[in-house]
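Structural description and commentary
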Amino acid sequence: MRKLLKSLFLTISIIGLVYVGACVYTKDRTDDFAQLMGQFNFLVKEEPRFVKIDNAKGKDEDGYGNYNYTLTSYDKDGNEHPIKFTGMGKLKQGHFLEVTAKGAYVITYKEVFKNDMPTNVYNKLQTE
């Protein structure tokens, strides 16, 4: 019985360490593994982030008109995060988007205006 409890504790500890390591590894990364961890990680909350569209950073990689954007986003507190998402077509240059993200996983995006975002975020996006 004691051996079983030790084995169970060791297994739970290893799984916990792997999970924490994966969370630390995926912080502020945009690769596929980071997006997968963000999507299914129950500890990561959905949050709005704000981006300014730069079509020079968008690429039509699949040839069907879906542009992949890798941009700098800002959360409501003004903290910087890299973000990668696919736009349905080429998005309007210089427009602002509110991206709903869960870690590195992008759930949705919508166009926003100056009044819809925090002032400090708007000022940072203007300087880009």
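Residues numbered from 1 in each chain as written. Predicted model: local features only at pLDDT ≥ 70, side-chain atom pairs only at ≥ 80, totals over all residues. Heavy atoms only, no water.

Identification of the chain as YxeA family protein from Companilactobacillus zhachilii is taken from an unreviewed UniProt entry.

A closer look at the overall build of the chain
Quick note on the threshold: Helix and strand definitions here come from DSSP, where helices need a minimum of 4 consecutive H or I residues and strands a minimum of 2 consecutive E residues; each element is numbered from the N-terminal end. Throughout, the radius of gyration refers to the C-alpha atoms, and the reference size of a globule is 2.2 Å times the residue count to the power 0.38.
A tally of helices and strands in the chain yields three helices and six strands. Moving toward the C terminus, one meets the helices and strands of the chain in the order α-α-β-β-β-β-β-β-α. The C-alpha radius of gyration of the chain comes to 19 Å, more than 25% above the 14 Å expected for a compact globule of 128 residues. Along the first, second and third principal axes, the C-alpha set of the chain runs to 65 × 35 × 20 Å.

Some details on the layout of surface pockets
The criterion, for reference: Grid points spaced at 1 Å and placed over the protein atoms alone form the basis of the search, with a cavity being a set where a 1.4 Å probe fits but cannot get out and a pocket an open set showing protein on both sides within 12 Å along at least five of seven lines. Lining residues have an atom within 4 Å of a point. Grid points are joined across faces, edges and corners, and a volume is the space filled by probe spheres set on the points. Polar here means any residue outside two lists: the nonpolar Ala, Val, Leu, Ile, Met, Phe, Trp, Tyr, Cys and Pro, and the charged Asp, Glu, Lys and Arg; Gly therefore counts as polar.
Space inside the largest pocket adds up to approximately 350 Å³. Lining the largest pocket are 18 residues, and of these Thr26, Lys27, Asp28, Val44 and Gly103 lie nearest its centre. Put simply, the parts of the chain that give the lining of the largest pocket at least two residues each are α1 (2-26), α2 (32-40), β1 (46-52) and β4 (80-87). Split into classes, the residues belonging to the lining of the largest pocket amount to eight nonpolar, five polar and five charged.

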